[in-house]
Structure formats: structure tokens, C-alpha cells
Amino acid sequence: MDEREDLAEIRRAVRALCAEFPGEYWRQKDRERAYPAEFVDALTRAGFLAALIPEEFGGSGLMLDAAAVIMEEIQAAGCNGASAHAQMYIMNTLLRYGSAEQKSRYLPGIASGELRLQAFGVSEPTSGTDTLSLKTRAVREGDQYVINGQKIWTSRAEHSDLMLLLARTAPREEVAKRTEGLSIFLVDMREAVGKGLTIKPIRTLMNHSTTEVFFDDLRIPATALIGEEGQGFPYILSGMNAERILIAAECVGDAKWFIDKAVGYAKERQVFGRPIGQNQGIQFPIARCYAQMRAAELMVHHAAQAYDAGGNPGEYANMAKLLASEASWAAADMCVQTFGGFGFAEEYDVERKFREARLYTVAPISTNLILSYLSEHVLGLPRSY
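The structure displayed is predicted, hence computed values, not measured ones. (Residues numbered from 1 in each chain as written. Predicted model: local features only at pLDDT ≥ 70, side-chain atom pairs only at ≥ 80, totals over all residues. Heavy atoms only, no water.)

**Focus on unusual backbone geometry**
A negative phi angle characterises most non-glycine residues, just as the trans form characterises most peptide bonds.
Stage number 1. For the bond running from Ala363 to Pro364, omega is 0 degrees, close enough to zero to count as cis.
Stage number 2. For Arg33, which is not a glycine, the phi torsion comes out positive at approximately 50 degrees.
Stage number 3. Along the polypeptide, Arg33 turns up in the loop between α2 (23–32) and α3 (37–45).
Stage number 4. Of the residues examined, Arg33 reaches a relative accessible area of 28% and is grouped as partly exposed. (Helix = DSSP H or I, 4+ residues; strand = E, 2+ residues; numbered from the N terminus. Buried < 20%, exposed > 50% of the residue type's maximum accessible area, 1.4 Å probe, protein only.)

So this is what it looks like as C-alpha cells:
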């Protein structure tokens, strides 16, 4: 598939940067459950994480299709963009709905990497993806808000300076619509930790730097409110579409990595006096995954273009996430099967990438919820939840 030269140049630049972080770097981070700060710093210095920030605030001012290429290529190189991808898209809510003062105060620092905005406080233990049922409260007291509650799966909170927080500012029973009464805040965690904000790491299947966060009478200035009080839920939806498209691009990159690994191994591995890639039992699963990846890739590009054109790309963003996450997981399973026992050996990186790929059929939105969205909003079927 032909690609615009500007996107091809971005791809080459990302590939060159990622070559400085080979498999051994990632294996060490995985063993130690350590955050890949050196990799994130390198992406920041190169300007890749500021791709979507306008030039007036120190960013590159690129469109989402370019950002998707960046994230795809990171994964295709065997690296892990989950350590940094939120720096690219979380700021979207601030950019779209923040005041002029908020944008001028924070966006240049986010663009340069001086400020890390990588934490997104939305999910809660009792509500999960039922965002409208969240319980964390933010109560206005004079020129402050007092926050109480708990968030879970708040990834990179330990490695972020700022958090975008969704909290309830009006009880659910007091609002006319289910989508009202939620507000968005930009919390400076450097000032909050130990003063009402507690972060606890969660050990997971993969090295994902995720946490649970507790708010106990945390006081933040009223100026931390983004946009209008009670309208936070609509604000985050456009950001969620960007998130889904970019993570779908990552999944395509993962699928490419698994397919390349499997093809290379199938050509070299000799069993019964012949390369295993000569056997259709090996060839066909690889070929099927390739076709599945290419189809998902087209959907991701289409979703990014729809997003860049404006309007509501929800249908395409959700389908891109669905198809790409399933393509990457199918390729991961195929790659392990191709490698056989060696697929479980750390040195080949297959088992690490296999664990990382499993996440995206669950997060940031599960496959079933995407299917529910398509059923109701695209096909017109009755609401199921």
C-alpha cells in the first residue's frame, strides 16, 4: 500500500529511534517491572509525543494519521508504546475544552516533556466501564474542590506529573440526564501525593505500570476544572475516540511484529530435513494473520482520516479497535505456535509481546462493549445495557 512521503519519513525516523532499544532493553525492564524512562525520554526529545499539540504551544501540529503511524511503528519495532502513548492523546481534552490560560500554562510543558500528562483517572472498582456510575466526588468549597473516592487501572500515575480526573460534581439522582453531573479536572499530582492522594501499584500479567489511586479529602484549586462543571462526560468522548484509534494502530504494529517473527523463524527452522515454513500447517496460519492484519490496517487508516476530517468517528474508531486488537491477538497466538517451545523462551521476545498483546481485547474498552456500541448506535438494535 502506497503511503504519503511525509508519513513514510516519520516511519523511518521512529524505526531508527527504536533500533536504539533492542529486545534486551525490554527484557530487562520486564524482569524488573521497571518503567522504560530512557525510551520515553527519547521519544519526547524526538518530538513524537507532542505530535498532536499545535505548533503555537510547542508541538508538531500533526494530524491523527501521523500519530497513528508513530504508534504503529513503535510496536512493529518490538518496543512498547503503552509506556508513553497517553502523553500523546490525554491532552486532547485540555486542548479542546481548556481555557486559554490553562492551555498556555500546561501545553508547552507537555509538548517539551517537562510535564508528563500520562494518567487518566476514570475507571473505578465498582463501576468499571460503566463510567456514568462512578462514585468519586468533587465538592466545591469556596475556591477549592474537595475530592474523595478511588480510581483503578490508572496507568503511569507513578510516572506522571498531571492527571486528568473525571469526578462527580452533582449526585446522579439530581441530574436530568445520565451524562450530566460529571466534571473534568487537571490534577497536579506533584502537589497532591501525600496530601490526600495515594498511589498503589498493581502487579499485572505484563509490565504495564498501572495503579489504583485513592483520594481522601484532596483539595485542589477551582481553577483545575476544565470547561463547564457537570459536562465532563461529553468532553472525554472525543479523546476516547483518539485513544482507540491510536491503540488500534499499536495493535497493527504488534501484528506486523509477530508476523515478521513467525516468517523469519519458519524460513530458518529445520525439522525433518526441511524448513517448517514449507508446511501448509505453518504457512496457512501466518498467511491468514497477514490478511487479517491488512484488513485491520485499512480500518485504522480510515478511522484516523475520519477523525481528522471532523464529525463523529465513533463507529470507525470502535471498529478499528475491535479488528486491530483481534488481529494482533491472533498473530500473537500464531507466532507462539510457530515457534513451538522456543516461543516460551524469554530470549526471543515472543512471550513478552504475547503477554502485552493480550491486554488490548480488554482495554481501554472491551470487545463486548464495542459490539454493544455497534449493535445499538450503528445497527439500531435495542440497548442491551
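**Some details on the environment of Arg219**
Stage number 1. With respect to the secondary-structure elements, Arg219 resides in strand β7 (residues 210–221).
Stage number 2. Through-space distance from the C-alpha of Arg219 to that of Tyr145 is 5.7 Å; in sequence the pair is 74 residues apart.
Stage number 3. Those residues within four positions of Arg219 in sequence are excluded, and the remaining contacts are Glu141, Gln144, Tyr145 and Val146.
Stage number 4. A polar atom in the side chain of Arg219 sits 3.1 Å from the side chain of Gln144. (Contact = heavy atoms within 4.5 Å. Polar contact = N/O pair within 3.5 Å; in protein donor to acceptor, adjacent residues only side chain to side chain.)

**Here's the deal with the packing of helix α10 (residues 280–308) against helix α11 (residues 314–339)**
Stage number 1. It is the contact of α10 with α11, at a shortest axis distance of 8 Å, that shows an interaxial angle of 160 degrees. Judged by the inter-axis angle, α10 sits roughly antiparallel to α11. Helix-helix and strand crossings are classified by hand; for α10 and α11 the assignment is left-handed. Only Tyr316, Ala317, Met319, Ala320, Leu323, Ala324, Glu326, Ala327, Ala330, Ala331, Met334 and Thr338 of α11 make contact with α10, whose side of the interface consists of Ile282, Pro285, Ile286, Cys289, Gln292, Met293, Ala296, Met299, Val300, His302, Ala303 and Ala306.
Stage number 2. Along the lines of polarity and charge, the residues of the contact of α10 with α11 split into 20 nonpolar, 3 polar and 1 charged. (Axes fitted to C-alpha atoms, helices over the stretch in contact; angles between N-to-C directions. Parallel < 35°, antiparallel > 145°, perpendicular 65-115°, else oblique. Left-handed = near helix turned anticlockwise from the far one by under 90°. Nonpolar A, V, L, I, M, F, W, Y, C, P; charged D, E, K, R; others polar.)

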